[in-house]
Amino acid sequence: MQAKVNVRRFNPDEERPKSYTQQFDVEVEEHFTVLDTLIKVREEIDGSLALRCSCRAAICGSCAMRVNGHAVLACKARVSQHLSDDGQVTVEPAGNQPVIKDLVVDLEPFWDKLRAVEPYLQPAMPEPEAEYLAPNEVMLHLVDVMGCIMCGACVSDCTVLEVDPNFLGPAALAKAYRFVADTRDEEDTKRLGIYNAYGGIWDCTRCGECVQACPKGVAPMDRIMALREKAVESGTPPGSYEGAQYGYRHSVAFEEIITHKGRLEETQLVVKTLGMFNLPKLLGMAPMALSAMFRRKMPPPITRAAPGVGQVRRLANRIRWNRLSKVE
Amino acid sequence: MYSHDVLVLGAGLAGMRAALEAARSGANVAMLSKVYPVRSHSNAAQGGINAALTDRGDDWHEHAYDTVKGSDFLGDQDAIEVMCREAGQELINLEHMGVIFNRDDEGRLGTRAFGGQRRARTFFVADITGQAILHVMYEQILKYNVRVYDEWYATTLITDHGRCGGVVAMEMRTGEVHAIRAKATILATGGLGRVFEPSTNALICTGDGMALAYRAGAPLMDMEMVQYHPTTLKGSGVLLSEGARGEGAYLINSRGERFMERYAPNMMELASRDVVSRAEITEINEGNDIDGCVLLDCRHLGRAKIMERLMYIHEVAMDLVGVDITKDPVPIRPGVHYQMGGIKTDVDGRCWDPAGNWKGVEGLFAAGETACVSVHGGNRLGANSLLDTVIFGRRSAEAAMDFAGANGHLEFSEDTWVGGEKASMQALLDNNGGGDLVAKLRLDMATAMDEGLGVYRTEEGMQQALNAVRGMKGRFKDVIVQDKGKAFNTNLIFALELGCMLDCAEAIAVGGIERKESRGAHSRLDYAARDDENWLKHILLYQGPGDQITKEYVPIVITQWQPEERKY
Ligand SMILES: Cc1cc2nc3c(=O)[nH]c(=O)nc-3n(C[C@H](O)[C@H](O)[C@H](O)COP(=O)(O)OP(=O)(O)OC[C@H]3O[C@@H](n4cnc5c(N)ncnc54)[C@H](O)[C@@H]3O)c2cc1C
Ligand code: SF4
Ligand code: SF4
Ligand code: FES
């Protein structure tokens, strides 16, 4: 099978470095991964093509890059499944990180963010003589997050990082979750305080791109949501960061309104989230409210409780109870 | 100039464990690695790590005996005792650092069975044990703020009069060459699987550390002892863990027989790796194969167990050969996996003679797969290698700190060392004639090695491989590096790695020809029996003088277990 591989290239050694696309014609076999294909280019056609790779088996995390616009692990992606009808495939460096050369990106910000979440176990001291005891279910649950190979595919496609480079991002926050969910770690309160801050768990827009991109099923977004839940549950104060305050209050208010009224009252949600006396922010919402009104989409400000609200409350209690009794 | 008391080359498990030990003691330590630490090949270890825990009713003597027997009595028993005795505590250390580990019903560490051992003493994290430990070790490195030279490639050890004083290395991002000074240097640069094709090893496993030490005057020991793993995927050579057989998977041939019945009636699929690999090759040669492979059958384990404990090999088999192991058996064959031999060290990571004098390079330590202590002898037991990395990583750091405390820096001229290195790199870059491309030469070497030094070996075959490798060392001088630039020049790095691999390949072939018996992984058709009378000894190789290789023999250390026939 013939593949036309369009590779985005960049060589910093040039006097005025500029990125460009180069097409390589490569004979590929059915079982070839994108990585096999690129290695073939590098070994047989152009040795100057720079990319990171090592294990060839989706475990070292070296080879995240964009294939046809989406982040994948090159060694996990079958090239035949990515070829267009006319046999083309486009390979670009991972997104949201500066390019060093060709498909090699600068990972320093990635590691810096990892450092920022205090990514090491902080257990009760003194250490026991034997192992810390921990339920197998908790460990099995953690295997999924420990499965993260730090490839950065999620970071590449994160929509918040595109606009706000300060966001800690899916990989670091998934790592953060590993410690909060680890029953051996004693510092949940401190941790949640850190993750509540600017750039933390409340800045994710839940776009789901990271879940899509992750080659190891880590589902970073779900971990971030679980951290939010823990923060709310434990009553960890959101700190001085507005975004966290709003995010935090949004979810608290959401739950309050639903259990109280049996349905969502969006106007109340806005008021409760922003704060009754937060006039500037409330006024800031006015244009949106007005335009909603024009289109007859403005929700009524006050409503009566929905019929069957008792059922809703029972459900809510059940959820709360489950949450609390979940293996900690 | 960059300067440290202790410099660790390599950031796999051995390197990180060493650096961590030094950092905890407050030493001025740094680590240097050609890939980011978590990319190191230790992450590929799937099955687990061995330890005999007394509170589980196990006894380290039994672990030691299994290891001695597994090694086909070539392992040094004093070293094996150290490793097995300290295993329990080291395992608990790992748990305290944060490794998650599968648990039993009481929340304590759980075990699985592994090859060549009469008792289940392999501790594990699903089938991502190496990754799970490596990432936690990196967490600790971050906690202690260890200085890491990320993506730096070490090219030469700086030595003078047999004393090591640091390293010359290239910062890959810029292509700049620097000298780093160190009172003590620890090599933890991993294995050399890429010397063969196919191999379970990652592309970075190129034997750099062994070659660097060898060129600097340190001896390489038992290099002929290359392990073939019984269950690797055809083509890529990617591994399916022994954990599968540990959980109860079968090996079957084209006639549907569990053929291990005929080769190891007691241990069956869980006999030592050398034994199982030979059985497979015999089946394949006798025509009981399917396209050059036999089958690994996991179906009867059930989906639930597979998804809980063998999830990674499920993923790999699906991705790379399109087989769902819950539904179908997967074709496998033996593939090159592990180097038992390496830089000769004692149990403290240094190369001393019995009287305590430096016999290799003074101030140079080694640990992990790059070293040969020797705890694996002729054949490594599964899950003993991760143990080896953490035990001897820690111990070599302790000895290196002692050395650094007692000795100053070696005086050397930075310009001379850096200049010399740049000149030899430039010479490679300047090749424009009719030489081979790096990848072509690597493949020629790896194919020749696979042919001449496979599961079964003969004098003639090994000699052919050796001649071929020597020819390639000549061709290497003209090898073509197409990338002439500075920044992230992986092409140049591959060329330097190839140079290292050629030195290792030569040593493997020379060792293989030298050892005129069959022991462990070294199986000769022309000397089919083990010969304890003449060969209960290690083979040490020194590079030089000139193009020559000097050999030396060192008797193995026997403490409690006399050699006996090895049956499984
Ligand atoms: C697929 C597979 C599965 C395995 N499963 C198991 C198992 O279940 N149990 C078990 O006990 N063992 C297992 N092993 C063996 C075990 O994983 C390795 O032997 C062990 O991890 C080696 O660790 P290390 O620290 O010595 O080297 P590595 O982890 O390979 O690290 C080497 C380090 O050296 C660095 N380096 C190398 N050369 C240079 C250079 N020139 N300049 C700078 N840096 C350099 C690299 O960047 C890397 O950081 C397995 C091996 C493989 C291949
Ligand atoms: S869900 Fe959140 S973390 Fe994930 S990609 Fe979207 S914004 Fe980023
Ligand atoms: S969460 Fe997934 S995509 Fe993100 S770094 Fe980890 S493995 Fe890669
Ligand atoms: S090469 Fe290791 S993850 Fe792709």
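The shown structure was predicted, so the numbers you read here are calculated from the model rather than taken from an experiment.

### Regarding the overall build of chain A
Link 1 in the chain: Helix and strand content of chain A: 13 helices and seven strands.
Link 2 in the chain: When burial is assessed residue by residue, chain A has 42% of its 328 residues classed as buried.
Link 3 in the chain: The contacts in chain A between residues at least 6 apart in sequence include a share of 66% that link residues at least 24 apart.

### As for the sheet that holds strand 20 (residues 537–543) of chain B
Residues and elements named next belong to chain B.
Link 1 in the chain: Here we have five strands laid out as an open sheet, ordered 17-15-10-20-21, and mixed in their pairing. The sheet is open, and its two borders are formed by strand 17 (371–372) and strand 21 (549–555), each paired with just one other strand.
Link 2 in the chain: Across the face of the sheet, helix 14 (residues 490–514) comes into contact with strand 10 (220–221), strand 20 and strand 21 while running at roughly 140° to strand 20.

### Brief notes about the domain arrangement of chain B
You'll often see interface size given as the accessible area lost when the parts meet.
All names here are of chain B.
Link 1 in the chain: Each domain of chain B was delimited in the assignment, giving domain 1 (2–225 + 340–406), domain 2 (230–333) and domain 3 (414–527).
Link 2 in the chain: The C-alpha-based centres of domain 1 and domain 2 are spaced at 29 Å.
Link 3 in the chain: Every contact between the two is made by 20 residues of domain 1 and, on the other side, 23 residues of domain 2.
Link 4 in the chain: Of the residues assigned to the side of domain 1 that touches domain 2, the class counts are seven nonpolar, 11 polar and two charged.

### Remarks on the site of ligand 3
Residues and elements named next belong to chain A.
Link 1 in the chain: Among the 15 residues in the neighbourhood of ligand 3, the closest are listed as C148, C151, C154, C214 and V218.
Link 2 in the chain: The set of elements that each furnish at least two residues to the shell around ligand 3 consists of helix 4 (153–157) and helix 6 (169–180).
Link 3 in the chain: Counting residues per element, the shell around ligand 3 draws most heavily on helix 6, at three residues.
Link 4 in the chain: Considered class by class, the residues forming the shell around ligand 3 number 13 nonpolar, one polar and one charged.

### Overview of the nonpolar core
Link 1 in the chain: Counting residues in hydrophobic clusters, the biggest one holds 281 residues, and the most contacted among them are A74 of chain A together with V6, A19, I186 and A213 of chain B.
Link 2 in the chain: Looking at this core, the element that brings in the most residues is helix 14 of chain B, giving 16 residues.
Link 3 in the chain: Excluding residues within four positions of it along the chain, A213 of chain B makes contact with L157, L187, A218, I343, V361, L364 and A366 of chain B.

### Re the pairing of strand 14 (residues 330–339) of chain B
Residues and elements named next belong to chain B.
Link 1 in the chain: Of all the 10 residues making up strand 14, nine are buried; the element is thus mostly covered by neighbouring parts of the structure.
Link 2 in the chain: Judged from the six bridges that link them, strand 11 (residues 226–233) and strand 14 form a sheet pairing that is antiparallel. Along strand 14, the bridge assignment pairs H229 with G335.
Link 3 in the chain: Relative to strand 14, strand 13 (residues 294–297) runs antiparallel, the two sharing three bridges. Directly across from L296, in strand 14, lies its bridge partner V330.

### Observations concerning helix 1 (residues 13–24) of chain B
All names here are of chain B.
Link 1 in the chain: If you check helix 1, its first and last C-alpha atoms are 16 Å apart, about what 12 residues at 1.5 Å a residue would give, namely 16 Å.
Link 2 in the chain: With 11 of 12 residues buried, helix 1 lies mostly within the body of the structure.
Link 3 in the chain: If you check which residues of helix 1 are buried, you get L13, A14, G15, M16, R17, A18, A19, L20, E21, A22 and A23.
Link 4 in the chain: Buried residues along helix 1 sit in contact with strand 1 (2–9), strand 2 (29–33), helix 4 (129–143), strand 9 (176–187) and helix 10 (385–406).

### Side note on the interface of chain B and chain A
Link 1 in the chain: Facing 50 residues of chain B, the contacting portion of chain A comprises 42 residues.
Link 2 in the chain: At the level of elements, helix 3 (77–97), helix 4, helix 9 (311–321), helix 12 (438–452) and helix 14 of chain B are the ones that each hand at least two residues to the side of chain B that touches chain A.
Link 3 in the chain: Top contributing element to the side of chain B that touches chain A by residue count: helix 4 of chain B, with seven residues.
Link 4 in the chain: In terms of residue class, the side of chain B that touches chain A is made up of 24 nonpolar, 13 polar and 13 charged.

Basis of the calculations
- Residues numbered from 1 in each chain as written.
- Chains lettered and ligands numbered in written order.
- Predicted model: local features only at pLDDT ≥ 70, side-chain atom pairs only at ≥ 80, totals over all residues.
- Helix = DSSP H or I, 4+ residues; strand = E, 2+ residues; numbered from the N terminus.
- Buried ≥ 20, exposed ≤ 12 C-beta atoms within 10 Å, placed from the backbone.
- Contact = placed C-beta atoms within 7 Å.
- Pairing = 2+ DSSP bridges.
- Axes fitted to C-alpha atoms, helices over the stretch in contact; angles between N-to-C directions.
- Domains from an automatic or database assignment.
- Nonpolar A, V, L, I, M, F, W, Y, C, P; charged D, E, K, R; others polar.
- Near = placed C-beta within 6 Å.
- Core = buried A, V, L, I, M, F, W, Y, C linked by C-beta atoms within 7 Å.
- Expected span 1.5 Å × (residues − 1).

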